[in-house]
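# Remarks on the overall topology
Chain residues, written in single-letter form:
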Amino acid sequence: MDRYAVFGFPISHSKSPFIHQQFAKQTGQQIRYEAEEVRPENFDAAVDVFFKEGGKGLNCTVPLKELAYEKVDLLTERAKFSGAVNTIKRQDDGSLLGDNTDGIGLLTDLRVNLGVDIEGKRVLVLGAGGASRGIIGPLLKEKPLAFYLANRTVAKAKAMEELFAPIGVVQAGSYESLHEHQFDIVLNATSASLTGQLPPLADQLLAEGALCYDLAYSQEPTAFMLWAQQQKARLIKDGLGMLVEQAAHAFYLWRGVMPNSQTVLARLKQKKQLTDKSG
Ligand code: ATR
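Given the structure is predicted, the values throughout are model-derived calculations rather than measurements.

When the parts come together, some accessible area is lost, and that loss is often what is quoted as the size of the interface. Domain annotation of the chain identifies domain 1 (2-101 + 243-260) and domain 2 (103-240). Averaged C-alpha coordinates put domain 1 and domain 2 at centres separated by 26 Å. In this assembly, 15 residues from domain 1 lie in contact with 15 residues from domain 2. At the boundary of domain 1 with domain 2, total buried surface from both sides reaches about 1200 Å², with 58% on carbon and sulfur atoms. It is Phe81, Leu243 and Glu245 that lose the most area in domain 1 upon contact with domain 2, and together they represent 46% of the buried surface on that side. Linking domain 1 with domain 2 are 0 salt bridges. Counting the contacts that link domain 1 with domain 2 gives 8 residue pairs in polar contact (both at pLDDT 80 or more). Elements with a minimum of two residues in the side of domain 1 that touches domain 2: helix H4 (77-82) and helix H9 (240-255).

Have a look at this one:
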């Protein structure tokens, strides 16, 4: 049976094994997919062992995506720009191809699952770390009307502005610099949600009917999602849809078959509701 895995640290709560097993069942593919806890210092050796033992493909999650970028032999165009790799495929000649399906995963969730187009919208991305770098390129290609990037450390946002200049215009600045602006779509790509924190966001930042999207997913609404509620956003979402869609694109890269992500997303939502009810 072809072997796949997700490496990360921590990894015990990963939904990826469930998602990929569902995709395999659905498409009649025989695969094994496991989650393995791998610390950054062991990443290099763990990848070598995995592929030496016949592994076909790997997902890499926090905090290993930048290491995966360094590790692979060649990169897809979208991985090159994102500076991070979340999917590795062992090719027939034994070389490792690195891809990044996070951006396309987010876009698919926005467009297909939520019916939201980026074109012509005023978009604000919060955060200028790895998560944000993975999504900026694909978002810019959708031709937003305006694209802002705010970060606590302004120099990091400015560096992104420069990096993505060949693709489109990023207006980078501090959270304070957003005061005079309003946005149709606000995407939280900071890691603040993981510690229950919120970037310093002003009131009146949201245009009428705005979408607020947290790239993180969690059992409870994040601080950003609660802020969005207060600010009367029309649509408030966490990153569960993005997680399933990035997985679907990874599965496609490995197996050449596009799974039906919607049924798997529906099952995950159902599971979440059951957990909520049982406390
Ligand atoms: P990731 O790969 O998850 O993006 P990262 O590269 O460490 O992780 O980046 C974390 C991002 O979240 C950064 O943009 C960080 O801001 P700084 O660059 O100023 O450090 C942002 N971040 C983390 N905690 C935050 C908080 N409490 N308020 C605002 N921004 C925060």
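The subject of this paragraph is the sheet that holds strand E9 (residues 171-173). With parallel pairing, the 6 strands of this open sheet are ordered in space as E9-E8-E7-E10-E11-E12. At either margin of the open sheet sits one strand with a lone partner, and together these are E9 and strand E12 (235-237). Across the sheet, the axes of successive neighbouring strands diverge by a mean angle of 15°, strand direction being ignored. Sheet topology places strand E8 (residues 146-150) next to E9; 3 bridges connect them, and they run parallel. Within E9, the residue paired with Ala150 across the bridge is Gly173.

Let's shift gears to the packing of aromatic side chains. Per the counting criterion, the structure on display carries 8 aromatic pairs. Aromatic side chains Tyr4 and Trp254 sit 4.6 Å apart centroid to centroid with 35° between the ring planes, which places their arrangement in the tilted category. With a gap of 250 residues between them, Tyr4 in strand E1 (residues 2-8) and Trp254 in helix H9 connect regions that are remote in the sequence. Its relative accessible area of 3% is what places Tyr4 among the buried residues. With centroids separated by 5.3 Å and ring planes inclined at 75°, the aromatic side chains of Tyr148 and Phe183 adopt a geometry described as edge-to-face. With a gap of 35 residues between them, Tyr148 in strand E8 and Phe183 in strand E10 (residues 183-188) connect regions that are remote in the sequence. The two residues Tyr148 and Phe183 agree in class, both being buried. In this arrangement the basic side chain of Lys271 is found over the ring face of Phe18, its NZ or CZ atom lying 3.7 Å from the centre.

Taken as a whole, the second largest pocket encloses approximately 390 Å³ of empty space. Residue lining of the second largest pocket: 19 residues in total, with Lys237, Asp238, Leu240, Lys269 and Lys272 positioned closest to the centre. The element that contributes the greatest number of residues to the lining of the second largest pocket is helix H10 (residues 261-277), accounting for 6 residues.

Parameters and conventions
- Residues numbered from 1 in each chain as written.
- Predicted model: local features only at pLDDT ≥ 70, side-chain atom pairs only at ≥ 80, totals over all residues.
- Heavy atoms only, no water.
- Domains from an automatic or database assignment.
- Contact = heavy atoms within 4.5 Å.
- Buried area = accessible area lost by both parts, 1.4 Å probe.
- Salt bridge = Lys/Arg side-chain N within 4 Å of Asp/Glu carboxyl O.
- Polar contact = N/O pair within 3.5 Å; in protein donor to acceptor, adjacent residues only side chain to side chain.
- Helix = DSSP H or I, 4+ residues; strand = E, 2+ residues; numbered from the N terminus.
- Pairing = 2+ DSSP bridges.
- Axes fitted to C-alpha atoms, helices over the stretch in contact; angles between N-to-C directions.
- Phe/Tyr/Trp six-rings, centres within 6.5 Å; stacked < 30°, edge-to-face > 60°.
- Buried < 20%, exposed > 50% of the residue type's maximum accessible area, 1.4 Å probe, protein only.
- Lys NZ or Arg CZ within 6 Å of the ring centre and 35° of its normal.
- 1 Å grid on protein atoms, 1.4 Å probe; cavity = no way out; pocket = protein on both sides within 12 Å on 5 of 7 lines; lining within 4 Å.
- Points joined across faces, edges and corners; volume = space filled by probe spheres on them.

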